[in-house]
Amino acid sequence: MPLLNGHEATRAIRQIEAERRLLPAPSTTPTGLPPSSSIQQLPSFAHRAKIFALTGLATADDKREAFSSGVDGYLVKPVSLATLDSVFKRLGFH
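Residues numbered from 1 in each chain as written. Predicted model: local features only at pLDDT ≥ 70, side-chain atom pairs only at ≥ 80, totals over all residues. Heavy atoms only, no water.

Q: How should I be thinking about the pairing of strand E1 (residues 52-55) in this particular structure?
A: Walk down a regular strand and you will see the side chains alternate between the two sheet faces. Residues Ala 53 and Thr 55 line the buried face of E1, whereas the alternating positions Phe 52 and Leu 54 sit on a face that is not buried. Here E1 runs beside strand E2 (residues 73-76); their pairing, made up of 4 bridges, is parallel. Counterpart to Phe 52 in the pairing with E2 is Gly 73. Regarding topology, helix H2 (residues 60-69) serves as the crossover connection from E1 to the parallel E2, and that connection is right-handed. (Buried < 20%, exposed > 50% of the residue type's maximum accessible area, 1.4 Å probe, protein only. Helix = DSSP H or I, 4+ residues; strand = E, 2+ residues; numbered from the N terminus. Pairing = 2+ DSSP bridges. Right-handed = clockwise from strand over helix to strand, strands pointing away.)

Right, dumping it as structure tokens:
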């Protein structure tokens, strides 16, 4: 990846989620009006984004670093469509 590797990107995402969980929920817009559906709000981070590492590196050290960075799963290429289907179904995507 050009700027961050997968581990760095995962850590950055988890950091953003942690920071946004600490922000108070906006009750008004910058104009003082109640929020409307046409006004962008910060996304809720009550639930973490699901992040899966898909890698060609099948080493114990890489797997350890991936999980310590905050991934939810670790898949080694090549991955079959049946495996991906199973993962998505377990996450609730049908």
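That was the structure; now back to the text.
Q: Got a minute to help me understand H2 in this structure?
A: One turn of the α-helix equals 3.6 residues, which is why residues spaced by three or four share an orientation. By the burial criterion, the buried members of H2 are Asp 62, Ala 66 and Ser 69. Projection of H2 onto a plane perpendicular to its axis shows the buried side chains occupying an angular sector of 65°, all on one side. Turned more than 90 degrees away from the buried face of H2, the exposed residues are Ala 60, Asp 61, Arg 64 and Ser 68. Residues of H2 that are buried sit in contact with helix H1 (6-22), E1 and E2. Once H2 ends, the next one or two residues include Gly 70, with phi positive near 120°. (Arc of directions from axis to C-beta. Contact = heavy atoms within 4.5 Å.)

Q: Help me out: how do you make sense of the nonpolar core in this one?
A: Generally speaking, nonpolar side chains in soluble globular proteins are found buried as a group. One finds Ile 51, Ala 53, Ala 66, Val 71 and Tyr 74 forming the largest nonpolar core, which totals 5 residues. Excluding residues that lie within four positions of it along the chain, Ala 53 makes contacts with Ala 66, Val 71, Gly 73, Tyr 74 and Leu 75. (Core = buried A, V, L, I, M, F, W, Y, C linked by side-chain atoms within 4.5 Å.)

All quantities given are derived from atomic positions and should not be read as evidence of function.
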